[in-house]
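One-letter residues, chain by chain:
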Amino acid sequence: MNNNTDSLSSEAISGLQGTGIVAGDKSISHRSLILSSIAEGTTRISGMLKSSDVQSTLNAICALGVRISILEDDIVEVIGVGMHGLQEPLKPLDLGNAGTGVRLLMGLVAGQKINATFIGDESLSSRPMRRITEPLSQMGIQVSDNGDGLLPVNITGRSSPLPISYISPVASAQIKSAILIAGLNSRGVTSIIEPAKSRDHTERMLKHFGVEVDTQTNLDGSYRASVRGGVTLQANDIIVPRDPSSAAFLIVAGLITENSQLLLPMIGMSPERIGLITTLREMGGRIKIRNEREVGGEQVADILVSSSQLKGIVIPADRAPSMIDEYPILCIAAAMATGSTLMANIGELRHKEADRIAIMTKGLRLAGVNVDETETTMRVYGTKTVTGNSCIKGGFNIYSEHDHRVAMSFLTLGFVSTDRIIVDGVSTIDTSFPGFVELMNKHGARISPVNNHWR
Ligand code: S3P
């Protein structure tokens with residue numbers, strides 16, 4: 001594959017088969033680097049995602065004085081510096097496109113007596129940072145930006161942040177994790193209450209490193225996690241499961257194309273990450289979960305997916321946190337269903353790598369799919385008729401605004417379109433799913449680089 005191209009074309013295929021080895025989990029990879037950096041001892045991380053986002057976090061941690069060795073392809077060793085051992089970086093920490101990286105590292109720096117400036121690429125520089133800097137300020141951390149709540153952000157940490165009890169307006173694992181990580185060095189108990197439970201990889205990994213984390217889910221669905229400061233993390237090897245958010249593209253591709261059967265081994269099955277699987281099954285998707293087991297404190301399973309006739313549904317609003325990254329690819333499944341699919345409580349999608357509601361609506365309409373959008377909802381009208389025919393019009397270009405999940409979603413739509421779909425702005429696929437194109441093509445897809453003069 002020509003890696004220099006920023007445009008790819010995707011064409012109709014006759015099905016996908018085989019055993020798909022999906023990339024390592026992005027959320028867990030970031031956390032494994034960040035938490036092992038302040039542990040006592042050496043942590044070996046196996047199955048780590050080798051993506052540009054994770055590389056940005058790795059570079060930032062090295063700039064904070066931590067020694068990391070790449071042992072083999074996806075195995076790294078981090079020599080932890082202990083709870084107060086990070087050094088002030090000589091240059092601004094450039095987190096590229098990595099929202100999780102920048103936000104969790106702000107929490108890390110907040111608990112150290114050092115100063116650091118955080119910068120990122122154009123997309124990251126337009127994403128809201130006050131959701132992190134506001135609670136960190138309440139912890140007595142000195143924070144400055146240009147008055148706009150955006151990067152660059154400068155943080156002067158302290159060796160003992162003030163413990164707080166923070167009520168977050170949104171269910172966000174990034175907010176929760178930044179506060180818990182900053183709280184590890186505070187004198188007292190730091191708590192975060194979120195309106196619904198977001199992914200809990202930080203809580204699980206802290207426990208894996210020997211830290212007590214007190215958690216509670218309330219009757220109204222809200223969730224609280226607390227840590228007592230002054231703890232020590234003990235290095236402990238980590239095996240990273242394969243990313244359910246990356247598997248999502250193969251799952252939907254397998255469902256919407258005819259004659260498909262894909263086996264996806266060792267996919268992360270944390271309940272806060274598998275809302276898409278629940279939803280697709282309710283839509284009639286044939287998805288089998290096999291060999292459920294636990295690996296390093298995380299649940300995993302093998303997923304078998306087969307071609308299916310999907311029907312539209314109303315997705316419960318409270319399911320949104322458990323499938324927040326999956327709505328772009330769910331839109332593609334919904335476009336290939338009978339009836340309409342209503343997605344509520346998805347306003348957060350407007351603050352991701354791009355405004356995902358706006359771009360998915362635009363691209364689906366170009367493909368001849370009817371969509372209604374409001375500030376916080378989408379309704380996608382499926383094109384499948386009861387006789388099993390559908391009509392996804394190809395023959396158009398869609399610019400993903402360099403949003404990796406949007407790019408992969410429209411490439412997946414190309415598998416069932418009448419004419420090829422060209423997606424522009426695909427280079428960021430590498431932020432979460434390096435090898436996506438090669439993997440899809442290996443199993444039957446027809447994705448190829450586009451030379452500009454042929455368009
Ligand atoms: C992530 C949390 C989610 C998700 C992101 C990864 C994490 O963001 O969208 O891709 O690893 O903590 P929010 O915390 O903003 O919901």
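Definitions and limits used
Residues numbered from 1 in each chain as written. Predicted model: local features only at pLDDT ≥ 70, side-chain atom pairs only at ≥ 80, totals over all residues. Heavy atoms only, no water. Salt bridge = Lys/Arg side-chain N within 4 Å of Asp/Glu carboxyl O. Helix = DSSP H or I, 4+ residues; strand = E, 2+ residues; numbered from the N terminus. Buried < 20%, exposed > 50% of the residue type's maximum accessible area, 1.4 Å probe, protein only. Disulfide = S-S within 2.5 Å. Near = heavy atom within 4 Å. Polar contact = N/O pair within 3.5 Å; in protein donor to acceptor, adjacent residues only side chain to side chain. Areas by Shrake-Rupley, 256 points an atom, 1.4 Å probe, with all protein chains shown as cover. Nonpolar A, V, L, I, M, F, W, Y, C, P; charged D, E, K, R; others polar. Domains from an automatic or database assignment. Phe/Tyr/Trp six-rings, centres within 6.5 Å; stacked < 30°, edge-to-face > 60°. Contact = heavy atoms within 4.5 Å. Buried area = accessible area lost by both parts, 1.4 Å probe.

Chemist: Go over the pattern of salt bridges with me, naming the residues and quoting the values.
Modeler: Considering all chains together, one arrives at 24 salt bridges under this definition. We note a salt bridge from K176 to E203, for which the minimum N-O separation is 2.9 Å. Residue K176 is located in helix α5 (residues 173-183), and its partner E203 is located in helix α6 (residues 201-208); the two are separated by 27 residues in the primary sequence. Linking R405 and D325 is a salt bridge whose minimum nitrogen-to-oxygen distance equals 3.9 Å. Here D325 lies in the loop between β21 (314-315) and α9 (327-335) and R405 lies in helix α11 (residues 404-413), a separation of 80 residues in the sequence. The same class applies to R405 as to D325, namely buried. The network of salt bridges with common partners includes R127, R199, D325, E353, R356, D403 and R405.

Chemist: So, the state of the cysteines: which residues are in play, and what are the values?
Modeler: One pass over the structure, following the stated rule, counts zero disulfides. Of the cysteine sulfurs around C391, a residue in no disulfide, the closest is that of C331, at 18 Å.

Chemist: Mind laying out the site of the ligand, listing which residues take part and the relevant values?
Modeler: Taken together, S27, R31, T100, R131, S172, A173, Q174, R199, I324, D325 and K352 make up all the residues around the ligand. Taking R31, its side chain carries an N or O atom lying 2.7 Å from an oxygen atom of the ligand. Protein chains shield 94% of the accessible area of the ligand, which is 380 Å² for the free molecule. When contributions to the shell around the ligand are tallied by element, the ones reaching two or more residues are α1 (26-37) and α5. Considered class by class, the residues forming the shell around the ligand number two nonpolar, four polar and five charged. Summarising the domain contributions, the shell around the ligand has at least three residues from each of domain 1 (7-24 + 241-449) and domain 2 (26-239).

Chemist: Just give me the short version of unusual backbone geometry, but keep the residues and values in it.
Modeler: A cis amide bond links L151 to the next residue, P152, at an omega of 0°. Within the fold, P152 resides in the loop between β9 (142-144) and β10 (153-156). Phi at H402 is positive, roughly 55°, even though this residue is not glycine. Residue placement: H402 occurs in the loop between β26 (396-399) and α11. Residue classification places H402 among the partly exposed positions, given a relative accessible area of 24%.

Chemist: Quick one: what's the story with the packing of aromatic side chains, residue by residue and with numbers?
Modeler: Per the stated rule, a full pass over the model turns up two aromatic pairs. Between F433 and F436 the ring centres are 5.4 Å apart and the planes differ by 65°, which places this aromatic pair in the edge-to-face class. One exposure class covers both F433 and F436, and it is buried. Every member of this aromatic cluster is reached through a ring pair, and the members are F249, F433 and F436.

Chemist: Lay out the domain arrangement of the protein in plain terms, naming residues and giving numbers.
Modeler: Partitioning the protein into domains gives domain 1 (7-24 + 241-449) and domain 2 (26-239). Taken over C-alpha atoms, the centre of domain 1 sits 29 Å from the centre of domain 2. If you look at the interface, domain 1 gives 26 residues, while domain 2 gives 25 residues. Of the roughly 2,200 Å² buried where domain 1 meets domain 2, counting both sides, 48% is carbon and sulfur surface. At the boundary of domain 1 and domain 2, one finds four salt bridges. Across the salt bridge formed by K197 and E272, the nearest N and O atoms sit 3.4 Å from each other. Counting the contacts that link domain 1 with domain 2 gives 13 residue pairs in polar contact (both at pLDDT 80 or more). Mapped onto the side of domain 1 that touches domain 2, the elements with two or more residues apiece are β19 (298-306) and α11.

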